[in-house]
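# Structural description and commentary
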Amino acid sequence: MSRKKTPKSKGGSAPATSALPAANGPRLVRPGTACPGSKTSPNGLLQQGQSPLGSGGDFYDVAFKVMLVGDSGVGKTCLLVRFKDGAFLAGTFISTVGIDFRNKVLNVDGTKVKLQIWDTAGQERFRSVTHAYYRDAHALLLLYDVTNKASFDSIQAWLAEIQEYAQHDVVLMLLGNKVDSAQERVVKREDGEKLAKVSWGLQHGQGVPLRLQGWGCPHQSAAGCLQEYGLPFMETSAKTGLNVDLAFTAIAKELKQRSTKAPSEHRFLLHDYVRREGRGAFCCRP
Ligand SMILES: Nc1nc2c(ncn2[C@@H]2O[C@H](COP(=O)(O)OP(=O)(O)OP(=O)(O)O)[C@@H](O)[C@H]2O)c(=O)[nH]1
Ligand SMILES: [Mg+2]
């Protein structure tokens, strides 16, 4: 987390304001992301500065780095474009090359929280590049595609990778994307919920001993996080926008709270917030 007021920064292939620590290691690559719906140049690269920052304007009080991870094709780029630009245009899937980022400033209870959101490539061949960025991430959004069982099955491997490379107190949220595709759905909501809970077990030494302690556990006991809470989990749709803003807002609220160390009676409870505010796939509006 960093506190700074700097002029507006725009997305690109490297941190523009450097308010956040830049990852060392492989210095990446070109922004090759072109989700259908993203604003792309003729060569398929994201253009910088296409849209204004969100509510909060040009300046911020605190800044955090958020990473999107998950298999290729689960919708990471589309999720980011939906959040940043409010857009989704169907089209040819253009896989992200390397890593890319975009900024958005949110007003969280009067505090301007800048999220620098890193969109990683899900393809295996870019994995070593992604590894270098984990350690600077304050939060991770781990995605699978509800229409793709393989992407769901990969989540355990992603968790192991997160354990190895991310910070021990990283905020982590599991998202099942593409819930608008009801006909093609192969992963039930309950399966996602179950996986999120099982991950709690992993976190606490059952199975693969994950060391991540900061998965938004709101209720610590002597034994650790109470079992009813696993990873925060939501189903999303980059296409309709379902729960997209909510996922990023929840992360921003959690990170802001951690940075300000609010008194316990005013603590923001990530799991409760997500459960209360999250909408079902068939709910009324995105
Ligand atoms: N129906 C539906 N399609 C989606 C959604 N999100 C993404 N897609 C489609 O899924 C495909 C992959 O989306 P991307 O966002 O590019 O996937 P990605 O995770 O960034 O993939 P990599 O960059 O290869 O890691 C595209 O054809 C999108 O149009 C969604 O919420 N609903
Ligand atoms: Mg992508």
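An unreviewed UniProt entry lists the chain under the name small monomeric GTPase, with Camelus ferus given as the organism. Turning to the chain, the UniProt record has this under Catalytic activity (unreviewed entry): "GTP + H2O = GDP + phosphate + H(+)". Quoted straight from UniProt, the Subcellular location (unreviewed entry) entry for the chain says "Endomembrane system".

### Regarding the confidence of the model for the chain
Per-residue pLDDT for the chain averages 75, and the proportion of residues at 70 or more is 64%. Here residues 13-34 scores under 50 on pLDDT; set against residues more than four positions off or in separate chains, the count is 82 contacts. Contacts from residues 201-219, a stretch scored under 50 in pLDDT, to residues over four places away or in other chains number 67 contacts. Both confidence scores are given for the complex: pTM 0.77, ipTM 1.00.

### Considerations on the pairing of strand β4 (residues 139-145)
Burial analysis of β4 places seven of its seven residues in the buried class, which makes it a mostly covered element. Burial along β4 is two-sided: Ala139, Leu141, Leu143 and Asp145 and Leu140, Leu142 and Tyr144, pointing in opposite directions, are all buried. Where strand β1 (residues 62-70) and β4 come together, five bridges link them in parallel fashion. Each residue of the ladder has a partner; that of Val66, found in β4, is Ala139. Across seven bridges, β4 lies against strand β5 (residues 171-177) in parallel orientation. Pairing of Leu143 across the sheet is with Leu175, part of β5.

### Things to note about the pairing of strand β2 (residues 99-108)
β2 sits mainly inside the fold: nine of its 10 residues count as buried. Of the pairings in the sheet, the one linking β2 to strand β3 (residues 111-120) comprises 10 bridges and is antiparallel in character. Within β3, the residue paired with Arg102 across the bridge is Ile117. Where β2 hands over to β3, the hairpin turn is made up of two residues, of which Asp109 adopts a positive phi near 50 degrees.

Basis of the calculations
Residues numbered from 1 in each chain as written. Chains lettered and ligands numbered in written order. Predicted model: local features only at pLDDT ≥ 70, side-chain atom pairs only at ≥ 80, totals over all residues. Heavy atoms only, no water. UniProt positions renumbered as here; feature names shortened; annotations may be inferred. pLDDT = per-residue confidence, 0-100. Contact = heavy atoms within 4.5 Å. Buried < 20%, exposed > 50% of the residue type's maximum accessible area, 1.4 Å probe, protein only. Helix = DSSP H or I, 4+ residues; strand = E, 2+ residues; numbered from the N terminus. Pairing = 2+ DSSP bridges.

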